[in-house]
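Letter by letter, the chains look like this.
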Amino acid sequence: MLEKYFPIFSWLRNYKKSYISGDISAGITVGVMLIPQGMAYAMIAGLPPVFGLYASLIPQVIYAIMGTSRQLAIGPVAMDSLLVASGLGALALSGIEEYIAMAVFLSLLMGSIQLLLGMLRMGFLVNFLSKPVISGFTSAAAIIIGISQLKHILGLTIINSSQIHILLQNIFESLNQTNAYTLGIGITAIVLLKGLKKINKKIPAALVLVVLGIFVIYFTELDNFGIKIVGAVPEGLPDFVLPSVDPSKITELIPIALTIALIAFMEAISVAKAVEEKHKSYEVDPNQELIALGTSNIIGSLFQSYPTTGGFSRTAVNDQAGAKTGLASIISALIVGLTLVFLTPFFYYLPNAILGAMIMVAVFGLIDFRYPLQLIKNRKDEFLLLIITFLITLFIGIKEGILLGVLSSLLLLVYRTSLPHIAILGRIKNSHYFKNTKRFPLHTQVDDTILIIRFDAPLFFGNKDFFKKELCKNIQQKGAALKTIILNAESINYIDSSAAHTLKQLLTDIKNKNIQVLLAGAIGPTRDIIYYSGLVDIIEKKHLFVTTEEAYNYSCLPKNKTVTQKLVTLPKQTYLKNQ
């Protein structure tokens, strides 16, 4: 039980000396990467840069103790930072102090939601975030994040917005105030970031750029020409403070916290699962991940952390650098802690333009062009879903984009299940196979006296009328020659009470026309419903068959079933009583 909630005891017990070098190397690499990245992401969230370092400290340690992934790197990320900014930006806040307090409390609230979901074993909720919705949302959010950083590249003071048209309007109205020196630094930073990565991916380009930018400003005193710098960064580790906000604001934070909780979990579990495929020594548990992420954010909020989750790029670097266990994350946190204690004065002259350039380069890599092109060729309905999510996120809002995207994907699912695929089957010549006559028109044999129909979905209130309409249409097409209907139920995994009621009426009407109904291939749970709903009284037990071939042969030449045939068409409880 202890290892279930604290996986650190599992990997510590099996720790090998060969892991040490990889964990130390990965820990230092990610720790160094986190320093400029964390400060940059805090700026996206509308917070002072130091809060990015606070968010990179305690959550990493807690996750190393409780998380099931041994390579997932926890800390501030671009997407959640944007959600924090867009959510809090819509609230009427008095100033930066209240804004900081709300961001920290948001971490507590988000963590509590994740912890509760984990304890209730509701990790499956992330399955409702379909790939088209995620792709559309991520691409739109990346564009908003990237363009929002133009104010740092251009040296402008503009009002941020999570709506692209308002953001662009604010930028265009302020273009005449562009600072040429800041623009030069921003463009140079982007070119260097891209160039250094092309030369060698192992070069810590962000750190090199940070050091270079600080020295340039310090020795040239360009900050006197209007270049905005980070300024004084508080020294020392974050204080232990209980998060508190005006109670009247909590209800306004709940929708934001719920959105971030689900998005953060989706980000973390997707990257954790991707890395897990390379390592067979452990298994990621979605519910424990929720508990670990929730606890990380709750305890992190006590030390002034804003919402955190697993980062895509940092996790990839952590894995590539040789991380084998959570010790790498603990070392990363140690690097951040040492920076807070000893090196914060060093960042005084860091230009905001460099942090803005780092963010732009990072997030524009999240824009996915390939996947939409694949969808437009093969899955136009899912492409439409992606575009709807993309446009809503871009022009209406971040929260609205993900929530309406999920709602749209559920509506698409309901639409598909309400109008499912129905196939009329025929026997493949000289075989035991029964296939769709439209797919194999030249090879299927069709008997005018027999209608074999397959319904490829559960039967429920949303599609019962569609099933009735299609069955009646095919009965009418067969005409007076029709003597037998074989319902292939292999794909029907559930029948709700509404559908069962409709089936009773429909099958009774069919029997009154002297047409017998045979049921083939029903799985166990469906057979149970057929028995307990009373449908079996109308169909009759002798008309339940395991395969379509058995039903077809019976319709041609009725004969008694064997003992085995009777046994495998029984409901669960009846079968158990007979044993």
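Along every chain, residues carry numbers that run from 1 in the direction the sequence is written. In keeping with the predicted nature of the model, local features appear solely for residues at pLDDT of at least 70, side-chain atom pairs appear and are counted solely at 80 or more, and the whole-chain, interface and lining totals rest on all residues. The basis for every side-chain value is the complete set of non-hydrogen atoms in the structure, without hydrogens or water.

### Comments concerning the overall build of the protein
Tallying secondary structure elements over the protein gives 27 helices and 9 strands in all. Across its three principal axes, the protein shows a C-alpha extent of roughly 100 × 60 × 50 Å. The buried label applies to any residue whose accessible area, calculated with a 1.4 Å probe on protein chains only, is under 20% of its type's maximum; exposed applies above 50%, and partly exposed to all values in between. Taken over 579 residues, the protein has a buried fraction of 54%. Intrachain contacts of the protein at a sequence separation of at least 6 include 80% that bridge at least 24 residues. Carbon together with sulfur atoms contributes 63% to the accessible area of the protein, which is approximately 27300 Å² in total. Residues counted as positive are Lys and Arg, residues counted as negative are Asp and Glu, and His and the chain ends are not counted. Think of each charge as sitting on NZ of Lys, CZ of Arg, CG of Asp or CD of Glu. Across the protein, the centroid of the 49 positively charged side chains sits 11 Å from that of the 36 negatively charged ones. To qualify as a helix, a DSSP run of H or I must reach at least 4 residues; to qualify as a strand, a run of E must reach at least 2; elements of each kind are numbered from the N terminus. Contacts are assigned to residue pairs with any non-hydrogen atoms lying within 4.5 Å of each other. Accessible areas in this description were obtained via Shrake-Rupley with a 1.4 Å probe; residue shielding takes into account the shown protein chains only.

### Structural notes on the pairing of strand E3 (residues 422-428)
In summary, the side chains of a regular strand alternate between the two faces of the sheet. With 6 of 7 residues buried, E3 is to be regarded as a mostly interior element. As judged from the 4 bridges shared by E3 and strand E6 (residues 450-455), these two strands associate in the antiparallel manner. By the bridge assignment for E6, Ala 423 is matched with Arg 454. The criterion for strand pairing is that DSSP finds at least two bridges linking the strands in question. Pairing of E3 with strand E4 (residues 434-436), which is carried by 3 bridges, proceeds in the antiparallel orientation. Of the residues in E4, the one forming a bridge with Gly 426 is Lys 435. Adjacent in sequence and paired antiparallel, E3 and E4 are bridged by 5 residues, among which Asn 430 carries a positive phi angle near 60°. As defined by bridge partners, E3 adjoins strand E5 (residues 444-445) across 2 bridges and the pair is classed as antiparallel. Considered in E5, the bridge of Ile 428 is made with Thr 444.

### Focus: the pattern of salt bridges
Only one rule defines a salt bridge in this text: a Lys or Arg side-chain nitrogen within 4 Å of an Asp or Glu carboxyl oxygen. One pass over the full model with this rule turns up 12 salt bridges. The closest approach of N and O atoms between Asp 319 and Lys 278, which form a salt bridge, is 3.6 Å. Of this pair, Asp 319 sits in helix H15 (residues 312-320) while Lys 278 sits in the loop between helix H13 (247-276) and helix H14 (286-301), and the two are 41 residues apart along the sequence. Since its relative accessible area comes to 13%, Asp 319 is described here as buried. Several salt bridges share partner residues, and in doing so they unite Arg 379, Asp 381, Glu 382 and Arg 416 into one network.

### Description of the packing of aromatic side chains
Pairing of aromatic rings covers Phe, Tyr and the six-membered ring of Trp, with a centre-to-centre limit of 6.5 Å; geometry is then stacked below 30 degrees between planes, edge-to-face above 60, and tilted otherwise. Under the definition given, this model contains 15 aromatic pairs. Here Phe 215 and Phe 346 contribute two aromatic rings whose centre-to-centre distance is 6.2 Å and whose plane-to-plane angle is 70°, an arrangement assigned as edge-to-face. Here Phe 215 is found in helix H12 (residues 205-220), whereas its partner Phe 346 is found in the loop between helix H16 (327-343) and helix H17 (352-364), with 131 residues between them in sequence. By relative accessible area, which is 40% here, Phe 215 ends up partly exposed.

### Concerning empty space enclosed by the protein
In this analysis a 1.4 Å probe is tested at points of a 1 Å grid over the protein atoms alone, and where it fits but cannot get out there is a cavity; an open set with protein on both sides within 12 Å along at least five of seven lines is a pocket; lining residues have an atom within 4 Å of a point. Grid points are joined across faces, edges and corners, and a volume is the space filled by probe spheres set on the points. Scanning the model with the defined rule gives 4 cavities of 30 Å³ or more in all. In this structure, the largest cavity occupies an estimated 80 Å³ of space. Listed by contribution, the elements that provide at least two residues to the lining of the largest cavity are helix H22 (497-512) and helix H24 (535-539). Here the second largest cavity is characterised by a volume of approximately 60 Å³. As for the second largest cavity, its lining consists of Trp 11, Tyr 63, Ala 64, Gly 67, Ser 69, Arg 70, Gln 71, Leu 72, Gly 326 and Ser 329. Classes in brief: Ala, Val, Leu, Ile, Met, Phe, Trp, Tyr, Cys and Pro nonpolar; Asp, Glu, Lys and Arg charged; the others, Gly included, polar. Considered class by class, the residues forming the lining of the second largest cavity number 4 nonpolar, 5 polar and 1 charged.

### A short note on the layout of surface pockets
Looking at the largest pocket, its volume works out to about 1700 Å³. What lines the largest pocket is a set of 46 residues, among which Met 33, Phe 312, Ser 313, Arg 314 and Val 317 lie closest to the centre. Listed by contribution, the elements that provide at least two residues to the lining of the largest pocket are helix H3 (18-44), helix H6 (78-89), helix H8 (131-148), helix H11 (180-199), H12, H13, H15 and H17. Top element by residues in the lining of the largest pocket is H3. It accounts for 8 residues.

### Thoughts on the nonpolar core
Among buried residues, those of type Ala, Val, Leu, Ile, Met, Phe, Trp, Tyr and Cys that are joined through side-chain atoms within 4.5 Å constitute a nonpolar core. Among the nonpolar cores identified, the biggest contains 120 residues, and Leu 47, Leu 253, Tyr 306 and Leu 350 are the most heavily contacted of them. Among the elements that make up this core, the one with the highest residue count is H13 (14 residues). Residues Ile 453, Leu 459, Ile 475 and Leu 535 belong to the second largest nonpolar core, which totals 34 residues.

### What about helix H25 (residues 548-556)?
All buried positions along H25 are accounted for by Thr 548, Ala 551, Tyr 552, Tyr 554 and Ser 555. What you see down the axis of H25 is that its buried residues fit within an arc of 160°, all on one side. Where H25 is buried, its residues touch E3, E4, E6, strand E7 (484-488), strand E8 (516-520) and strand E9 (544-545). This arc is built from the directions going out from the helix axis to the C-beta atoms.

### A closer look at the side chain of Arg 70
Residue placement: Arg 70 occurs in the loop between helix H5 (58-66) and strand E1 (74-75). Salt bridges are absent for the buried Arg 70, whose nearest opposite-charge side chain, Glu 3, sits at 8.3 Å. Beyond its immediate sequence surroundings of up to four residues, Arg 70 is in contact with Ser 10, Trp 11, Ser 281, Tyr 282, Lys 324, Thr 325 and Gly 326.

### Observations concerning the packing of H11 against H12
Two numbers describe a pair of packed helices, the interaxial angle and the distance between the axes. Helix axes are fitted only over the stretch in contact, all axes being lines through C-alpha atoms; the angle between N-to-C directions runs from 0 to 180 degrees. Look at H11 against H12: their axes get within 10 Å of each other, and the N-to-C directions meet at 145°. Considering the relative orientation of H11 and H12, their crossing is right-handed. Contacts from Ile 185, Ala 189, Leu 192, Leu 193, Leu 196 and Lys 197 in H11 reach Ala 205, Ala 206, Val 208, Leu 209, Leu 212 and Ile 217 in H12. For any helix crossing, the convention is left-handed if the near helix is rotated counterclockwise from the far helix by under a right angle, and right-handed if that rotation is clockwise.

### Some words on helix H20 (residues 398-418)
By this rule, a helix spans an expected 1.5 Å times one less than how many residues it contains. With 21 residues, H20 should reach 30 Å at 1.5 Å per residue; the first-to-last C-alpha distance of 30 Å fits that figure. Buried residues of H20: Ile 398, Lys 399, Gly 401, Ile 402, Gly 405, Val 406, Ser 408, Ser 409, Leu 412 and Ser 418, and no others. Buried residues along H20 sit against H6, H8, H13, helix H19 (380-395) and helix H21 (464-478).

### What to know about a nonpolar patch on the surface
For patch detection, residues must exceed 30% relative accessible area and be free of salt bridges, and they are connected within 9 Å for like charges or within 5 Å for nonpolar side chains (Val, Leu, Ile, Met, Phe, Trp, Tyr). Where nonpolar side chains cluster on the molecular surface, the patch consists of Val 211, Phe 215, Tyr 218, Phe 219, Leu 237, Leu 334, Leu 338, Val 341, Phe 342, Leu 343 and Phe 346 and spans about 1100 Å² of accessible area. Only H12 and H16 provide two or more residues apiece to the nonpolar patch. Per-element accounting of the nonpolar patch gives the leading share, 5 residues, to H16.

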